[in-house]
Amino acid sequence: MITADRHAGRSVQARTRQRRGNALPFAAHVLAVAVLAGCARREPPPANEVVALRAAALASDPGDAAWARAPEFVAPLIPQDMVEPRQLVASTGVVRVRALQDGTRIAFRLAWVDSTFDDLPRPARFSDACAVQLPQHFGPDLPAPQMGEAGKPVEITYWSAAWQAVVNGRPDSIQAIYPRATVDHYPYAAPSLAKDRVAQEEFARRYAPARALGSPQSHPPGQPVQDLLAEGPGTLTPAATTRSTGRGAYAKTLWSVVLVRPLPETMRSTDRAQVAFAVWNGGAGEIGARKMRTGWVPMSLGGAP
Amino acid sequence: MARVRNWQIGREMSYWYPEQRPARQFAAIFDTNKCIACQTCTLACKTTWTSGRGQEYMLWNNVETKPYGSYPLAWDLNVLEKLGGGKWVGDRYEGRTIFEAAQAGERVLGWRPEDVDYSYPNVGEDDCAGDIEKGAFMTLPHNRWFFYLARICNHCSYPACLSACPRGSIYKRPEDGIVLVDQSRCRGYQECVKACPYKKVFFNPTTGTSEKCIGCFPKIEMGEQPQCFVNCIGKIRHVGFVSRPEDARADNPIDYLVHVRKVALPLYPQFGLEPNVYYIPPVNVPLPFLRQMFGPGVDQAIETYRGSADDPDLAGLLSLFGSTPRIVHRWKRVNDSVLGFDESGAEIIRVPMREPVHVRLAVDLQSNIARQNCP
């Protein structure tokens, strides 16, 4: 099944053409307003593939007027129904993609409609999120679009609304989740440690095993994004360092997220590539393998500014 | 799905991974007849492991009043209802396990508790109707009885949490069968929380990972009993290692009570996880309820337990509970004493089956004065 989906890009285009008639008009309106605000130039016509325009500087904010120059590709999303736990119900229908690149880095702007804003994970509650996936070695023999495959890794940049909230200043406390919560006592808050911040933090780490182990999951790297590698479903592993950056904003049921990441070496000397996208609607219980995704989508890298 | 042998349900069953037994399997026996729900075990665990941010609601150990108490709310009723009834034919369970009943696209039949389900840690405490002079205020399905059910992770032979994790972040230690969440690999998908029917994995919203009872493995590695065992003032608990039935040794305390005397039973064996905390069922509870909770061995277990007063070996071994902070690997009774040995065979505890009785008169006849009831 994985092989059959490998060159799904063509069928994605076909489905795009089929669905364009019933694409979400409200979302399109909101996006157009957001992108075109302050921009006098005409919106380029929709693209039938991802077009990463060459640009001197990459826009890092989803509201940046520079995005209006990049053609929009509407990528239909399909449920991840290949490995358990499967996503059996289709939720988010499309993700609208624009892209810019400067020869070494590539920036994607993803926008999708989500009527429920979820940025606070807790029991049975999940964060909205999105991801961009590129083959680590671009060539004729692409890895499987679903998280790559053994010996053919993919590079993924993952953005989470929960991390965005932390970057935006949400405090790391139980009251951020449950405003009326009271806690009798934390050992690290003992009066004997009150004057020693280092000792306090060391004590707090004892009761946060993921942090004590340096888990990237528990330590957003000052960014709402994380770089990951995978060689097949279930193998997702954080990259040694996260070099990507990102920023997401939510307004009127629309998430707009910019992901800026290094362009893999093998894509710097080509004008054709493939890319894949995934979107998680936290309010629909989507997390991990429960997601809406694309197959490989053709991407042009040679566009002039 | 692989086919594996689950001795607790007397048959093979489907499981996500092939059968792979650890060198030895962590196991515990809880005597429900002795528990007074003082929650000292709960606090011992809480202060040791879950006093951090994001762990506020976590109770790796809890004690709930059955039939109505539960934490999280209705964990047992939810799973039982989803699973539907299942028939036992002798010692063989003919119904479906939660692995065999998994919905399409899922690895395990599960349900997700929400935060409100964790908001009542001691709901149902001591709820009991009946035996009231003018009659009960209301009629409930279970009148005039309750008992306390202490719960930790069962460190199952076929953990649902482990099988549900799509990332393989949960593993079962090959040396002792303790089930752990790898905190450096977990990404907080909460699939384990959904899958564990006993709801003994908890999501930490601060670290974004899921956490669970670790069986106090640093103590186990040192030959010592976990915190909730050594702090149990009712002395209801005993930890050790359980063998498969065909390998059972009568001088292993756990094997003796589980396999030889069959007085300690797994919790909801029909779920199919082969849980490794075994319960001596309460003698005051209607048998139909207990059969659903502990399987078809309940009748015999209670009869055996009731006869322990005239059963020096059984009574003797039960008196080892709570007698030592060390793990007892072997035991034997010598006349009126019960001896416990560590892994090397060294004697670590000797318990008299009957404590010597001293009668102290209320009056000191030599001095002709009344004795005060103080030191």
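About the thresholds
- Residues numbered from 1 in each chain as written.
- Chains lettered and ligands numbered in written order.
- Predicted model: local features only at pLDDT ≥ 70, side-chain atom pairs only at ≥ 80, totals over all residues.
- Pairing = 2+ DSSP bridges.
- Helix = DSSP H or I, 4+ residues; strand = E, 2+ residues; numbered from the N terminus.
- Axes fitted to C-alpha atoms, helices over the stretch in contact; angles between N-to-C directions.
- Buried ≥ 20, exposed ≤ 12 C-beta atoms within 10 Å, placed from the backbone.
- Contact = placed C-beta atoms within 7 Å.
- Nonpolar A, V, L, I, M, F, W, Y, C, P; charged D, E, K, R; others polar.
- pLDDT = per-residue confidence, 0-100.

**Some details on the sheet that holds strand β17 (residues 347-352) of chain B**
Residues and elements named next belong to chain B.
For step 1, the next point in the chain: The three strands lie next to each other as β15-β16-β17, forming an open sheet whose pairing is antiparallel. Every interior strand has two partners, whereas the edge strands, β15 (330-334) and β17, have only one. The sheet shows a mean angle of 20 degrees between the axes of neighbouring strands, taken without regard to direction.
For step 2, the next point in the chain: Bridge analysis of strand β16 (residues 337-341) against β17 gives five bridges, and the strand direction is antiparallel. Considered in β17, the bridge of F341 is made with E347.

**Section: the pairing of strand β14 (residues 277-280) of chain B**
Residue and element names in this part refer to chain B.
For step 1, the next point in the chain: Every second residue of β14 is oriented toward a common face, with V277 and Y279 on one face and Y278 and I280 on the other, all of them buried.
For step 2, the next point in the chain: In this structure, strand β3 (residues 25-31) lies alongside β14, joined through four bridges in parallel fashion. Bridging across to β14, F30 finds its partner in Y279.
For step 3, the next point in the chain: Strand direction decides the pairing type here: strand β13 (residues 265-266) and β14, joined by two bridges, are antiparallel. Its bridge partner lying in β14, L265 is registered against Y279.

**Overview of helix α7 (residues 253-260) of chain B**
For step 1, the next point in the chain: Burial of α7 of chain B is extensive: seven of the eight residues sit out of reach of the surface.
For step 2, the next point in the chain: The positive-phi residue at the C-terminal boundary of α7 of chain B is K262 of chain B, with phi of around 50 degrees.

**Details of unusual backbone geometry**
Residues and elements named next belong to chain B.
For step 1, the next point in the chain: Here the residue pair K66 and P67 is connected by a cis peptide bond, since its omega of 15 degrees sits within 30 degrees of zero.
For step 2, the next point in the chain: Inspection of the secondary structure assignment puts P67 in the loop between β4 (62-66) and α2 (75-83).
For step 3, the next point in the chain: With omega at -5 degrees, the peptide bond leading from Y71 into P72 counts as cis.
For step 4, the next point in the chain: Assignment of secondary structure puts P72 in the loop between β4 and α2.
For step 5, the next point in the chain: Its identity is not glycine, yet A74 carries a phi of approximately 55 degrees, on the positive side.
For step 6, the next point in the chain: Examined against the element boundaries, A74 turns out to sit in the loop between β4 and α2.

**Quick word on the interface of chain A and chain B**
For step 1, the next point in the chain: Contacts between chain A and chain B engage 32 residues on the former and 33 residues on the latter.
For step 2, the next point in the chain: When contributions to the side of chain A that touches chain B are tallied by element, the ones reaching two or more residues are α4 (174-177) and α6 (209-212) of chain A.
For step 3, the next point in the chain: Looking at the side of chain A that touches chain B residue by residue, the class counts come to 20 nonpolar, six polar and six charged.

**A few points about the sheet that holds strand β12 (residues 237-242) of chain B**
Sheet strands pair by backbone hydrogen bonding; their relative direction is either parallel or antiparallel.
Residue and element names in this part refer to chain B.
For step 1, the next point in the chain: With mixed pairing, four strands are arranged side by side in an open sheet as β12-β3-β14-β13. The two strands at the open ends of the sheet, each matched to only one other strand, are β12 and β13.
For step 2, the next point in the chain: Helix-sheet contacts for α7 involve β3, β12 and β14, and the interaxial angle to β12 is about 85 degrees.

**A word on the confidence of the model for chain A**
For step 1, the next point in the chain: The pLDDT averaged across chain A works out to 86; a share of 84% of its residues lies at or above 70.
For step 2, the next point in the chain: Contacts for the low-pLDDT stretch residues 1-40 of chain A, under 50 throughout, to residues beyond four places or in other chains number 56 contacts.

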